[in-house]
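Understanding the architecture of this molecule
So you can see what is in the structure, the chains are spelled out below.
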Amino acid sequence: MKIPVLIIGAGPTGLMMAAQLARFGVDFRIVERNAFPSEKTKAIAVQARTLEIYEQMNLIDEVLEGGLKFKTTHIIGNGVVKANIQIGDFGKDQSPYPFIQIFTQDKNERLLISYLEKFNKSVEWSKEYSDLKEVENGVEVKVKSSDGTIETIVADYVVACDGGKSPVRHSLKIPFKGDTYEQVFFVADTAVDWKYGYGDLFLCMGKNKFAAFFPMPGEKRFRVVSIIPEKFLGKAETTFDDIKKIITDELNIKAEFYDTSWFAEYRIHHRVVSTFSKGRIFLAGDAAHIHSPAGGQGMNTGLQDAYNLAWKLASVLKHNANKNLLDTYNEERLPNAIRLVNTTDRAFTFIINANPFLRANVIPVIAKFAIRIPFIKKFMFKGISQIGITYEKFSLARGTNSKIKAGQRLPYTELFLNKDDVNIYTLLKAPSFHILICQKEKVDDEKIKSLSSSLAKIIPDFIKVIVIDPLQTYPQECWGIRTNSIIIVRPDNYIGCIVNEINPIAIGFEKVKRWFEEKIL
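If you're wondering where the values come from, they're calculated on a predicted model, not measured in any experiment.

Calculation rules
Every chain is numbered independently, its residues counted from 1 as its sequence is written. Reporting of local features is limited, given that this is a predicted model, to residues whose pLDDT is at least 70; pairs of side-chain atoms are given and counted only at 80 or more, and all residues count toward the totals for whole chains, interfaces and linings. Hydrogen atoms and water are omitted, and side-chain values are computed over all heavy atoms in the structure. Each nonpolar core is a collection of buried residues, namely Ala, Val, Leu, Ile, Met, Phe, Trp, Tyr and Cys, held together in the definition by side-chain atoms within 4.5 Å. Relative accessibility decides the category of a residue: with a 1.4 Å probe and only protein chains considered, values under 20% of the type maximum give buried, values over 50% give exposed, and everything between is partly exposed. Where helices and strands are cited, they refer to DSSP runs of H or I of at least four residues and of E of at least two residues respectively, numbered from the N terminus. In this analysis, two residues are considered to be in contact whenever any of their non-hydrogen atoms come within 4.5 Å of each other. In this scheme, strands are said to pair when DSSP sees at least two bridges between them. What a helix is expected to span follows from its residue count: subtract one and scale by 1.5 Å. What the arc covers is the set of directions going from the helix axis to the C-beta atoms. Two N or O atoms count as a polar contact when they lie within 3.5 Å, although within protein this holds only if one can serve as hydrogen donor and the other as acceptor, and sequence-adjacent residues are included solely when both atoms are side-chain atoms. Salt-bridge detection follows one rule: a side-chain nitrogen of Lys or Arg within 4 Å of a carboxyl oxygen of Asp or Glu. Where helices are involved, their axes are fitted lines through C-alpha atoms of the stretch in contact, as for all axes, and angles between N-to-C directions lie from 0 to 180°. Note that patches include only residues with greater than 30% relative accessible area and no salt bridge, and the join distances are 9 Å for like charges and 5 Å for nonpolar side chains (Val, Leu, Ile, Met, Phe, Trp, Tyr). In short, Shrake-Rupley with a 1.4 Å probe defines the accessible areas, and a residue's cover is counted only from the protein chains shown. His is not counted, nor are the chain ends, whereas Lys and Arg count as positive and Asp and Glu as negative. Think of each charge as sitting on NZ of Lys, CZ of Arg, CG of Asp or CD of Glu. Any pair of cysteine sulfurs within 2.5 Å is marked as a disulfide.

Some points on the nonpolar core
The biggest cluster of nonpolar side chains holds 98 residues, and the ones touching the most others in it are Tyr54, Leu313, Phe516 and Ile520. Take this core: its biggest share by element is ten residues, from helix α7 (residues 298–319). Apart from the residues lying within four places of it in its own chain, the contact partners of Ile520 are Trp311, Ala321, Asn322, Leu325, Leu396, Phe433, Ile459 and Trp515. Core analysis: the next-biggest nonpolar cluster, separate from the first, contains 26 residues, Ile100, Tyr181, Met205 and Met216 among them.

Describing the sheet that holds strand β7 (residues 100–102)
Strand pairs in the sheet, formed through backbone hydrogen bonds, run parallel or antiparallel to each other. Sheet architecture is open: three strands sit in the order β3-β7-β4, paired in antiparallel fashion. Unpaired on one side and paired on the other, β3 (45–46) and β4 (68–70) mark the two borders of the sheet. The pairing of β4 with β7 spans three bridges and is classified as antiparallel. Counted as the bridge partner of Leu68 is Ile102 from β7.

Here we look at helix α11 (residues 445–456)
Helix length check: α11 (twelve residues) gives 16 Å between terminal C-alpha atoms against 16 Å at 1.5 Å per residue, within 8%. Every buried residue of α11 is accounted for by Ile448, Leu451, Ser452 and Leu455. Relative to the axis of α11, the buried residues are bounded by an arc of 100° and lie together on one face. Structural note: α11 exposes Glu446 and Lys449 on the side pointing more than 90 degrees away from its buried face.

Details of helix α10 (residues 374–385)
Here α10 is twelve residues long and its end C-alpha atoms lie 16 Å apart, about the 16 Å a rise of 1.5 Å per residue gives. Positive backbone phi, approximately 70°, marks Gln386, located one or two places after α10.

As for the pairing of strand β14 (residues 221–227)
Along any regular strand the residues' side chains alternate between the sheet's two faces. Buried residues dominate β14, accounting for seven of its seven residues. Here β14 shows two buried faces, one formed by Arg221, Arg223, Val225 and Ile227 and the other by Phe222, Val224 and Ser226. In terms of strand pairing, strand β11 (residues 176–193) meets β14 through seven bridges, oriented antiparallel. Each bridged residue has a counterpart across the sheet, and for Asp189 the counterpart in β14 is Arg223. Direction of pairing for strand β13 (residues 210–215) relative to β14: antiparallel, over a ladder of five bridges. Residue Phe213 lies in a different strand from β14, and its bridge partner there is Val224. The hairpin formed by β13 and β14 contains five residues between the paired strands, and Gly218 there has a positive phi angle of roughly 115°.

Description of the environment of Ser171
Among the structural elements, Ser171 can be located in helix α5 (residues 167–172). Judged by its relative accessible area of 35%, Ser171 falls in the partly exposed class. C-alpha separation for the pair Ser171 and Tyr129, spaced 42 residues apart in sequence, amounts to 11 Å. In terms of polar contacts, Ser171 uses its side chain to reach the side chain of Tyr129, at 2.8 Å.

Quick word on the pattern of salt bridges
Inspection of every chain in the model, using the stated rule, returns 23 salt bridges. Note that Lys2 and Asp156 form a salt bridge whose closest N and O atoms lie 3.0 Å from each other. Here the residue Lys2 occupies a position in strand β1 (residues 2–8), and Asp156 occupies one in strand β10 (residues 150–160), the gap between them amounting to 154 residues. Between Asp305 and Arg333 there is a salt bridge, with the nearest N and O atoms lying 2.8 Å from each other. Here Arg333 lies in helix α8 (residues 327–353) and Asp305 lies in helix α7, a separation of 28 residues in the sequence. Residue Arg333 is classed as buried on the basis of its relative accessible area of 1%. Each of Arg29, Glu124, Lys127 and Glu151 takes part in one network of salt bridges that share partners.

Concerning the side chain of Thr13
Looking at where Thr13 falls in the secondary structure, it is placed in helix α1 (residues 12–23). In contact with Thr13, not counting residues within four places along its chain, are Cys161, Ala284, Gly285, Gly302, Leu303 and Ala306.

Topic: the sheet that holds strand β18 (residues 289–290)
Ordered by their spatial adjacency, eight strands build an open sheet running β6-β5-β12-β13-β14-β11-β15-β18, and the pairing between neighbours is mixed. Since the sheet does not close on itself, it has two edges, and those belong to β6 (80–86) and β18, each with one partner. Where β11 meets strand β15 (residues 256–273), 14 bridges bridge the pair, whose relative direction is antiparallel. In the strand pairing of β15, Asp179 is matched with His270. Packed onto the sheet, helix α6 (residues 240–251) meets β11, β12 (201–205), β13, β14 and β15 and runs at close to 80° relative to β15.

Here we look at a positive patch on the surface
A cluster of basic side chains, namely Arg33, Lys40, Lys42 and Lys165, defines a positive patch on the protein surface. In this fold, Lys40 is placed in the loop between β2 (28–31) and β3.

As for unusual backbone geometry
Negative phi is the rule for most residues except glycine; trans is the rule for most peptide bonds. In the Ramachandran plot, Lys42 falls in the positive-phi region, its phi being about 45° despite a non-glycine side chain. Positionally, Lys42 belongs in the loop between β2 and β3. For Lys42, a relative accessible area of 37% corresponds to the partly exposed category.

A few points about the state of the cysteines
Each disulfide is one covalent bond, formed between the sulfur atoms of two cysteines. This model, assessed by the stated rule, comprises zero disulfides. Between Cys497, a free cysteine, and Cys438, which holds the nearest cysteine sulfur, the sulfur-to-sulfur gap is 12 Å. Exposure remark for Cys497: the relative accessible area of 2% places this residue in the buried category.

Okay, structure coming up:
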């Protein structure tokens, strides 16, 4: 029996893909070679854009309650606090979540597994990808179970979320260009007894070393990341106990470590594929791009790969969209991955290779004052939070006005409904396109009703029309609305099309219809 989608890999990216397909009512199977979910914390940061996705899925409360929001970054040079940089709300007015949330990878995975259960879907554990080939109108995949049996699965489409060593990518012979940093790093989840405080991010700079202390839930707990001392390179059984005194001595800090729950050595790579897709097979997450941990971008980027692809697969499989729509996944996500690998590489290289004196004394002072400049603060948040990712130069985008452009994420704004403040994203939770009819001047209710009905019929059960009342002046000013306008919002809350000056209103309807016919259907 043929299935619509087979997902290979049940890490965060694969699970988000499954969760999004479940939202859209697309059937799938998801297989994972491991026997159970990982218990390792691994990636720890969830950025604002990902939090907005969790809000759309009605999972935001679990993420906020189960994690930790840190408010300040402290930079310590040779044991002395050089700067205290307030970042708790440095994205204020740009997102309903203007901060970085510590919510570890294992928690993300468990949350998404639980979410799938609401749709009576689950991961098929202990099933490993073996081989694949494209057949007429589909992909034939061989999957090997732990008992050695091999099952052949035929799917309309395959999404490979099988990690940095992706067997699927290797089978497709897709280039994965990049390099590996020469340093060997370690990660330790541990409790720390020291004088500097808790619950925040501490960047410690020394003469020859640096270390990052990321706050973790639990009493006095941190994720410590630094470089393995050279004398321990190549040793088979290095432990955190072996190196912790060397690290503190070189950083000139006094700290006692205890109750270490996880310690691992690893090398950091920066690589990206030449294409995110080949035929009916798509790559997502680490299978398509791996990079340094600078800025906490990795897991978030994979989650958003899945978020971008899922609605396009749903459009094709459930709503008779043109299959060319699937080409926009590579068009939109590949340039973002290249940019991300390049920027994180530059940032990371600068940190590890900077002059020791500058790193410990000058950089903290520059950072302290730079973050106070509104433009820099806004620019930094857009980059780190990933709300600044834009598709405005690509084929699905059409239209602009004085403040926004098609291809951008619909800007965050508040609405005032029934005397309550709600952000615009609370109205955009349905797994569908949303068409915002923005009234600068009041339009006859019957005309609005007729227009809304006609728009909703363009793709039945996949378009929701929302009328923004002219009294809602703040969001319309935020969006640059000067005349009666229509904004088409994609299912991933990116703007697809902006239609200005809909007077008479029938002209606006025709322009909206034409966008769907040319871009989607």
